[in-house]
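Observations on the three-dimensional arrangement
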Amino acid sequence: MVDGPRGVDVAPIGDEDVVAVGDFLHRHLNSRLSSERWARSAMPTWSVDAPNHGFLLRQGDEVVGVYLAFYSERVVDGEVRRVCNLAAWCVLEEHRAHGVRLARAMLRQKGYDFVDLSPSGNVVELNARLGFEFLDTATALVPNVPLPSRRGVRVVTRPEDIERTLSGRDLAVYRDHRHAGAAWHFVVTVGGESCYVMARRDRRRGVALFATLLHVSDPAVLARAGHAPYRHLLLRHRTLVTLAEHRVAGRPPRLSRAQRAPRRRMFRSRHTPAGAIDYLYSELTCVPW
């Protein structure tokens, strides 16, 4: 624990702190998620040797600020990279001046690539000052209309069928995320080829009728599937529009249009190029805000 002025301390979030952190985030960041749901969301569903779950601010016995983190190990160009995903950040107004101490504690951890996939407000400017770069998040808005599926196209959704369809890295990614609280999973098959898709529900202007594609294992197969994946997101998940970033999903389908102001996403790394940054093993898969 690091002592700060006026008795506000910075400390790593351990397993024993997750319940208190969940309660704090429920009360002060997003009450749509219960305290229990926040606490579950803070615990990743994949195995990783993580140093903490982020950092917190504490005044006496009271939590007054939280910065969640999700850790993973990824292979880039044959080398293992350790990644820290900066996630939910919330500090009580009267302690806002101490918020930057949480960011500095996070970034002082050596040997990590850092990604921030949902920065907002002043966080974007702070990240830029701390050396973060922007990802290209050009996004297509795809209407989830119930057009007929093309001949030979199937959407596989049952977990046991997904397990049988996937292999290798795709299967490992699915098993790491199948219990993640925000992730939806399905496989699109076109003839003898398949594409594993992971998506989530998203909010825009308080409306939770959007789906966001987080992972597309083969964008070419997704494109050949036509509108079947988006029909599935309408009928199964009751979403009206899909946000399909070009860097995730490739060429957008017919009927889509460009989003005017796509969500900003940022990263900081000395070695990993922007093209190798993805949205797996992150808050986007774990936290169903």
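Okay, so let's go over this structure. These numbers come from a predicted model, not from an experiment. (Residues numbered from 1 in each chain as written. Predicted model: local features only at pLDDT ≥ 70, side-chain atom pairs only at ≥ 80, totals over all residues. Heavy atoms only, no water.)

When helices and strands are tallied, the protein chain shows 10 helices and 14 strands. The C-alpha radius of gyration of the protein chain comes to 20 Å, within 12% of the 19 Å expected for a compact globule of 289 residues. By principal-axis analysis of the C-alpha atoms, the protein chain measures approximately 65 × 40 × 35 Å. Buried positions account for 52% of the 289 residues belonging to the protein chain. If you sum the accessible surface of the protein chain, you get close to 14200 Å²; carbon and sulfur atoms cover 49% of it. Across the protein chain, the mean location of the 42 positive side-chain charges is 9 Å away from that of the 31 negative side-chain charges. (Helix = DSSP H or I, 4+ residues; strand = E, 2+ residues; numbered from the N terminus. Rg over C-alpha atoms; globule rule 2.2 N^0.38 Å. Buried < 20%, exposed > 50% of the residue type's maximum accessible area, 1.4 Å probe, protein only. Areas by Shrake-Rupley, 256 points an atom, 1.4 Å probe, with all protein chains shown as cover. Lys, Arg positive; Asp, Glu negative; His and termini not counted. Charge placed at Lys NZ, Arg CZ, Asp CG, Glu CD.)

For residues besides glycine, phi is generally negative; the peptide bonds are generally trans as well. Unusually for a residue other than glycine, aspartate 77 sits at a positive phi of about 55°. Mapped onto the secondary structure, aspartate 77 falls in the loop between strand E3 (62-76) and strand E4 (79-91). According to the relative accessible area criterion, aspartate 77 is exposed, its value standing at 72%. Positive phi values are uncommon outside glycine, yet leucine 255 reaches one of about 75°. Tracing the chain through its elements places leucine 255 in the loop between helix H9 (246-249) and strand E13 (257-258). What makes leucine 255 exposed here is its relative accessible area of 51%.

Right, let's get into the environment of alanine 140. Locating alanine 140 in the fold gives a position in strand E7 (residues 139-143). Alanine 140 gets classed as buried once you look at its relative accessible area, which sits at 2%. With 40 residues separating them in the primary sequence, alanine 140 and valine 100 have C-alpha atoms 34 Å apart. Each residue touching alanine 140, except ones within four places of it in the same chain, is listed here: Thr242, Leu243, Ala244, His246, Pro252, Ser256 and Arg257. (Contact = heavy atoms within 4.5 Å.)

Before going further, it helps to spend a moment on the pairing of strand E9 (residues 184-190). With seven of its seven residues buried, E9 lies for the most part within the structure. Here E9 shows a buried face lined by Trp184, Phe186, Val188 and Val190 and a second buried face lined by His185, Val187 and Thr189. Relative to E9, strand E8 (residues 153-156) runs antiparallel, the two being bridged by four bridges. Following the sheet pairing, valine 153 is matched in E9 by valine 190. Pairing of E9 with strand E10 (residues 193-204), which is carried by seven bridges, proceeds in the antiparallel orientation. (Pairing = 2+ DSSP bridges.)

Moving on, we come to the packing of aromatic side chains. Evaluated as defined, the whole model comprises six aromatic pairs. Between the aromatic rings of tyrosine 67 and tryptophan 89, the centroid separation amounts to 4.2 Å while the plane-to-plane angle is 10°, which identifies the pairing as stacked. Placement of the pair is tyrosine 67 in strand E3 and tryptophan 89 in strand E4, with a sequence separation of 22 residues. The exposure class of tyrosine 67 is buried, given its relative accessible area of 2%. Between tyrosine 174 and tyrosine 196 the ring centres are 6.0 Å apart and the planes differ by 90°, which places this aromatic pair in the edge-to-face class. With tyrosine 174 in helix H6 (residues 168-177) and tyrosine 196 in strand E10, the pair connects residues that are 22 residues apart, well separated along the chain. (Phe/Tyr/Trp six-rings, centres within 6.5 Å; stacked < 30°, edge-to-face > 60°.)

Here we come to the pattern of salt bridges. Scanning the entire structure with this criterion turns up 15 salt bridges. Close ionic contact of glutamate 125 with arginine 129 constitutes a salt bridge, the shortest N to O distance being 3.4 Å. With a gap of four residues between them, glutamate 125 and arginine 129 both fall in helix H4 (residues 122-129), about one helical turn apart. On the basis of relative accessible area, arginine 129 is assigned to the exposed category, the value being 59%. (Salt bridge = Lys/Arg side-chain N within 4 Å of Asp/Glu carboxyl O.)

What follows deals with the pairing of strand E1 (residues 8-12). In terms of residue burial, E1 counts as a mostly covered element, since four of its five residues are buried. Inspection of the sheet shows E1 paired to strand E2 (residues 54-59) by five bridges, in the antiparallel sense. Bridging from a neighbouring strand, valine 10 pairs with leucine 57 of E2.

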